[in-house]
Amino acid sequence: MTTLLKGKPVAAAIRAEVAAAVDEMTAAGLRAPGLTAVLVGDDPASQIYVRNKERAANRAGLRGDVQRLPADVSAEELTRRVEALNADDAVDGILVQLPLPEGLPEDEIVSRIAPEKDVDGLHPTSVGRLWLDRPGLAPATPSGIVELLRRSDVPLVGSNAVIVGRSQLVGKPLAALLLREQCTVTVCHSRTRDLAAVCRQADVLVAAVGVAGLIGPDHVREGTVVIDVGINRVDDAATVERLFPANPERRAKFEE
């Protein structure tokens, strides 16, 4: 029998907990925490992501703010903006929306964010603290995956966790977080031999490569918990048939 892990109720519970904590702070005379996102250019996906983050912050009682800059902004000006936010005591978290427009040095810009305000957990200091098991900020998606597993009562201690994908934003930090949960962690990538055989060893399998259909029935054994991080649009009929070969209801819903 298949059990669906429902993320929306978990997300709603977390937002409610955050909102309650913010209410306690403001009731005690403290200001609400402030999050500022820096959005460069007009990439449609980035616009949606930042808008959703701003709304989520405001609904939780945080002071969500967005600084929008043109795609042709110079690296020097973007750096000045980041450093101004570092120095602003009213800003507790900084998020520079990635990817940046071509020509802007992402690694250099991210490294200018103060680690204590680096809510994406991408600053070298944040990454180092994560792998050294020291307090610090970790990327949101891996943190959300672990929280979903915890709140869904998925046993993690001693479990075999297989992560397909080694990105800086999901695969690598998720490996560190699952190690903290006492999992035995395997990270797979494009050079992994016999990916299906490795995946079949998993108690927890996380697909984080953004390739539709890469993980199929032959990759998953009975009882495995599967988390799909990627979002893909699939128009090819052959791919849809391969994804849902024996489930016409799911295939029809997928094609809608």
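Student: Can you break down unusual backbone geometry residue by residue, with the values?
Tutor: In this model, L98 is joined to P99 through a cis peptide bond whose omega is 5°. With respect to the element layout, P99 can be found in the loop between β3 (93–96) and α4 (106–111). At Q182, a position not held by glycine, the phi torsion is positive, near 70°. Its location among the elements puts Q182 in the loop between α7 (171–180) and β5 (184–188). If you check the backbone angles, D194 has positive phi at about 50° while not being a glycine. Note that D194 resides in the loop between β5 and α8 (195–199). With a relative accessible area of 52%, D194 lands in the exposed category.

Student: How would you explain the pairing of β5 if you had to name every residue and give the values?
Tutor: The sheet contact formed by strand β4 (residues 160–164) and β5 spans five bridges and is parallel. Bridging across to β5, N160 finds its partner in T184. Traced from β4 through α7 to β5, the parallel crossover comes out right-handed.

Student: Kindly report on a positive patch on the surface, identifying the contributing residues and their values.
Tutor: A cluster of basic side chains, namely R15, R51, R55, R59 and R68, defines a positive patch on the protein surface. Here the positive patch takes three residues from helix α2 (residues 44–59), the largest share from any one element. Within the element layout of this structure, R51 appears in helix α2.

The rules behind the values
- Residues numbered from 1 in each chain as written.
- Predicted model: local features only at pLDDT ≥ 70, side-chain atom pairs only at ≥ 80, totals over all residues.
- Heavy atoms only, no water.
- Helix = DSSP H or I, 4+ residues; strand = E, 2+ residues; numbered from the N terminus.
- Buried < 20%, exposed > 50% of the residue type's maximum accessible area, 1.4 Å probe, protein only.
- Pairing = 2+ DSSP bridges.
- Right-handed = clockwise from strand over helix to strand, strands pointing away.
- Patch = residues over 30% accessible without salt bridge, like charges linked within 9 Å, V, L, I, M, F, W, Y side chains within 5 Å.
- Areas by Shrake-Rupley, 256 points an atom, 1.4 Å probe, with all protein chains shown as cover.
- Salt bridge = Lys/Arg side-chain N within 4 Å of Asp/Glu carboxyl O.
- Lys, Arg positive; Asp, Glu negative; His and termini not counted.
- Charge placed at Lys NZ, Arg CZ, Asp CG, Glu CD.

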